[in-house]
Amino acid sequence: MKNNILLYITIISIFSFNIYSQKTKLAIADKKYDNYAYVDAIKTYERVAEKGYKSADMFKKLGNAYYFNAELDKAAKWYGELFAMDATNLEPEYYYRYAQSLKSIGQNDKANEILELFNQKSGNDIRGKLFKKNTNYLEAIKANSGRYQVEDAGVNSKYSDYGTTLYLNKIVFASARDTGSLGQRKHTWTNQYFTNLYSADLGDNMTPGVPHKFDATINLKFHESTPAFTNNGKTMYFTRNNYLDGKKGKNGNQITLIKIYKASFENNQWTNITELPFDSDNYSTAHPALSPDEKTLYFASDMPGTIGQSDLFKVKINDDGSFGTPENLGNTINTEGRETFPFVNDEKEIYFASDGHPGLGGLDVFMSKINADGAFSKVQNVGADVNSPKDDFAYLIDTKSRRGFFTSNRDGGQGYDDIYKFLETKRLICEQELYGEITDITTKGLLPNAKITLYDSHFNLVSTTTSDEKGNYSFTVECGKTYNVRAEKTEYTTKEQKITIATENGKTYLPITLEKAKCKVTIGDDLGKCFGIKMIYFDFDKSDIRVEAALDLEKILDVLNQYPTMKLDIRSHTDSRGTFKYNEALSDRRAKSTINWLIKNGVDSSRLIGKGYGENQLVNKCADNVECTEDEHQLNRRSEFIITAL
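The model shown is predicted, which means the values in this text are computed figures rather than measured ones.

1. Considering the overall build of the chain
Helices and strands together make up the secondary structure of the chain, namely twelve helices and 35 strands. Across the 646 residues that make up the chain, the buried fraction comes to 51%. Residue pairs in contact within the chain that sit at least 24 positions apart in sequence constitute 55% of those at least 6 positions apart. When the accessible surface of the chain is totalled, it reaches about 31500 Å², and 49% of it is carbon and sulfur.

Here's what the structure looks like:
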């Protein structure tokens, strides 16, 4: 051991100058890394690493530099070197990044092993919980795949092109392409030119024409990207580096972050460029998206209150143009990772990019339904046609044509990021129509203008409608889910029914019968119909009153107590199955048990008569030796409470 130590000291002495030189280079690289000059840092780190110099800190920074530049295959290499050194003391975040990077090169099994370790080390991290809850996430992604026809959008360059937005009959997107300007500057982070906004007219099937620079007032010498426009084209929100009126803002570390700006279109030009009131020099806001009613602005940020590296937020736009207080969309959407590039359509769906939800690697595109109460439904990966092992983001779709655009740095593209157009051939969510009619339980008449409310299995409000003039209602619901349907109408008792939807596209029929809160009866009517009592149920071959039967009899008892002169003839009927004599005897015992229960609970015996009729009074064809369904036989198994006096 001593000899080995001496040998080590000797080697250190011989190469001390080289190591000093390498450390000097590392110090320079660290400075570039800390200032987001990732490309320059990568070059220095790699040159040092290629000479055999090993450092956990260096491998972290090499991996991170590639990870944050979306070159996940190269990130996987250096994170692999990091884990080969010593993984015992690594922060949990490196397990997650390594797993994401492994997915990008198709090593999903190893990625899942690393994610399992991440889950053990991270404690309450949402990403770990999602992985544990969705261990078969690849199967879910596979099930959601095969729904798109994807092709190059035709506007790409060899540089970065991304973030498509619809504006009147154009698309507007960001591009780092060099259009010949002598003053074109490169960003040290990506070694790409600073992005400007470009636009292209849309032809048939949303095919873009030749791109042109969007507007000289908006495009300045720093990054501009991801605009959002009002429907009338008079207002735009867009992302830009913290730069306005010739002044560049910086945070406490002297880094220029990004902000959302607003501009107005007046006298045929964009003017009145202002930053939004919740912007700050100390955090970033980016990628604005308007709700269809233009009353809410969605965006990405790492502002205080952020769960992860970047979260999605929303803020109310008031009628006077002022803004409310930004709200975090919560942990159904946001994770400890990156959530970014939101898009909200007129079908109450939010699409966004995330590397925190289970995906194929890098940023994947996900979708969640926005419920009537503003809550979000389960997040779903849109599938492998749009998503890849690399970064996929900036998704938008026109809900009428089912055509749209997204951005990806997947293999086979023309540049750093490329814009793809698509046709969605099948909806992501398996949907059914839940429908039926509302009727009066006694008269069978249709009930228009009944209020129908749909709740999910946890009684969160989903939707509300009103039955039409024919008593019909319908909802669009998701396959496989359980819902609660509540029907209400003036002068009727509110009724609620649970329904589980089938797992395939189609229709689910749910008729609802309502009983009047005040039932008008006279001599000869069946009092049981007021309460929907079709049968007093007994155990098989028994005549003892069951708990369920007692509940219905309590209703009859209550009416008899309200009307002390009312008298009843209680009749019990069976179906035709079994012998005639047996059915008559059993039904008679059941009628007598019903009478005895009412007498025991205070009704004078003089007010009650009754007997069993067995199969003597069938209401349909289902006599002996006639083939009938169970439902048809059920119609004959009934109890009646006929009013004989009032």
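2. Examining the sheet that holds strand β14 (residues 285-290)
Overall, antiparallel pairing links the four strands, which are arranged β14-β15-β16-β17 in an open sheet. Only two strands of the sheet have a single partner each, and these edge strands are β14 and β17 (327-328). Of the pairings in the sheet, the one linking strand β15 (residues 296-301) to strand β16 (residues 311-316) comprises six bridges and is antiparallel in character. Bridging across to β16, Phe299 finds its partner in Phe313.

3. Concerning the pairing of strand β9 (residues 235-241)
A large share of β9 lies buried, amounting to seven of its seven residues. Hairpin connection between strand β8 (residues 224-229) and β9: a loop of five residues separates the two successive antiparallel strands, and Gly233 in this loop has a positive phi of roughly 75 degrees. Note: β9 against strand β12 (residues 258-266), seven bridges, orientation antiparallel. The partner of Phe238 across the bridge, within β12, is Tyr261.

4. Description of the sheet that holds strand β7 (residues 212-213)
Spatially, four strands are ordered β2-β3-β6-β7 in an open sheet, and the strand pairing comes out antiparallel. The two strands at the open ends of the sheet, each matched to only one other strand, are β2 (161-167) and β7. Summarising the sheet, strand β3 (residues 170-175) and strand β6 (residues 196-201) pair through six bridges and their orientation is antiparallel. Opposite Ala174, over in β6, you have Leu197 as the bridge partner.

5. Considerations on the state of the cysteines
Throughout the structure, instances matching the rule amount to one disulfide. Between the sulfur atoms of Cys622 and its disulfide mate Cys628 the distance is 2.2 Å. Since a negative S-S torsion denotes a left-handed disulfide, the Cys622-Cys628 link at about -105 degrees is left-handed. With respect to class, Cys622 is no different from Cys628; both count as buried.

6. Concerning helix α7 (residues 108-122)
Relative to the 21 Å expected for 15 residues at 1.5 Å per residue, α7 spans 20 Å between its end C-alpha atoms, a close match to the ideal helical length. Here α7 has its buried residues at Ala111, Asn112, Ile114, Leu115, Phe118, Asn119 and Ser122. Looking straight down α7, one finds that the buried residues subtend no more than 165 degrees of arc, so they occupy a single side. Along α7, the residues that are exposed and aim more than 90 degrees away from the buried face are Asp109, Glu113 and Gln120. Tucked into the core, α7 has its buried residues touching α6 (92-104), α8 (126-133) and α9 (137-143).

7. Here's the deal with the pairing of strand β30 (residues 495-500)
Pairing of strand β29 (residues 482-488) with β30 involves six bridges; the strand directions are antiparallel. Note that in β30 the partner of Asn484 across the bridge is Lys498. What sits between β29 and β30 in their antiparallel hairpin is a turn of six residues, with Glu491 showing a positive phi close to 75 degrees.

8. Things to note about unusual backbone geometry
Not every positive phi belongs to a glycine, and Ala394 is a case in point at roughly 55 degrees. Mapped onto the fold, Ala394 is located in strand β22 (residues 392-398). Look at Ala394 and you get buried, because its relative accessible area is 7%. With a phi angle near 60 degrees, Asn449 is a residue other than glycine that sits in the positive phi range. Asn449 gets classed as exposed once you look at its relative accessible area, which sits at 58%.

9. Describing the pattern of salt bridges
For side chains bearing opposite charge, pairing can occur when the charged atoms are close. If you walk through the whole model with that rule in mind, you get 27 salt bridges. Among the salt bridges present, the one from Lys170 reaches Asp201, with a minimum N-O distance of 2.7 Å. Placement of Lys170 in strand β3 and of Asp201 in strand β6 is noted, with a sequence separation of 31 residues between them. The shortest N-O distance in the salt bridge between Asp575 and Arg577 comes to 3.2 Å. Here Arg577 falls in the partly exposed class, since its relative accessible area comes to 40%. Through salt bridges with shared partners, a single network forms among Arg147, Glu347, Arg402, Glu424 and Arg427.

10. With respect to the nonpolar core
What tends to happen in soluble globular proteins is that the nonpolar side chains get buried as a cluster. In terms of nonpolar packing, the biggest core is built from 33 residues, with Met58, Leu62, Tyr79, Leu82, Phe83 and Tyr95 touching the most fellow members. Within the residue set of this core, elements represented by two or more residues are α3 (38-50), α4 (56-68), α5 (72-85), α6, α7 and α9. The contacts of Leu82, once residues within four sequence positions are left out, are Ala56, Phe59, Lys60, Leu90 and Tyr94. In this structure, Leu396, Phe405, Tyr420 and Ile429 belong to the second largest nonpolar core, which totals 25 residues.

11. Quick look at the packing of aromatic side chains
Enumeration over the complete set of coordinates arrives at 32 aromatic pairs. Summarising the aromatic geometry, the rings of Tyr162 and Phe393 are spaced 6.3 Å apart at their centres and angled 55 degrees between planes, so their arrangement reads as tilted. Within this pair, whereas Tyr162 is found in strand β2, its partner Phe393 is found in strand β22, the two being separated by 231 residues in sequence. According to the relative accessible area criterion, Tyr162 is buried, its value standing at 13%. A ring pair is formed by Phe214 and Trp270, whose centres lie 6.3 Å apart and whose planes are at 40 degrees; its orientation type is tilted. You can see Phe214 sitting in the loop between β7 and β8 and its partner Trp270 sitting in strand β13 (residues 269-275), a full 56 residues away along the chain. Relative accessible area serves as the criterion here: at 15%, Phe214 is assigned to the buried category. One aromatic cluster in this structure is built from Tyr148, Tyr351, Tyr395, Phe406, Tyr420 and Phe422.

Cut-offs applied
- Residues numbered from 1 in each chain as written.
- Predicted model: local features only at pLDDT ≥ 70, side-chain atom pairs only at ≥ 80, totals over all residues.
- Heavy atoms only, no water.
- Helix = DSSP H or I, 4+ residues; strand = E, 2+ residues; numbered from the N terminus.
- Buried < 20%, exposed > 50% of the residue type's maximum accessible area, 1.4 Å probe, protein only.
- Contact = heavy atoms within 4.5 Å.
- Areas by Shrake-Rupley, 256 points an atom, 1.4 Å probe, with all protein chains shown as cover.
- Pairing = 2+ DSSP bridges.
- Disulfide = S-S within 2.5 Å.
- Expected span 1.5 Å × (residues − 1).
- Arc of directions from axis to C-beta.
- Salt bridge = Lys/Arg side-chain N within 4 Å of Asp/Glu carboxyl O.
- Core = buried A, V, L, I, M, F, W, Y, C linked by side-chain atoms within 4.5 Å.
- Phe/Tyr/Trp six-rings, centres within 6.5 Å; stacked < 30°, edge-to-face > 60°.

Read these as geometric descriptors, not functional statements.
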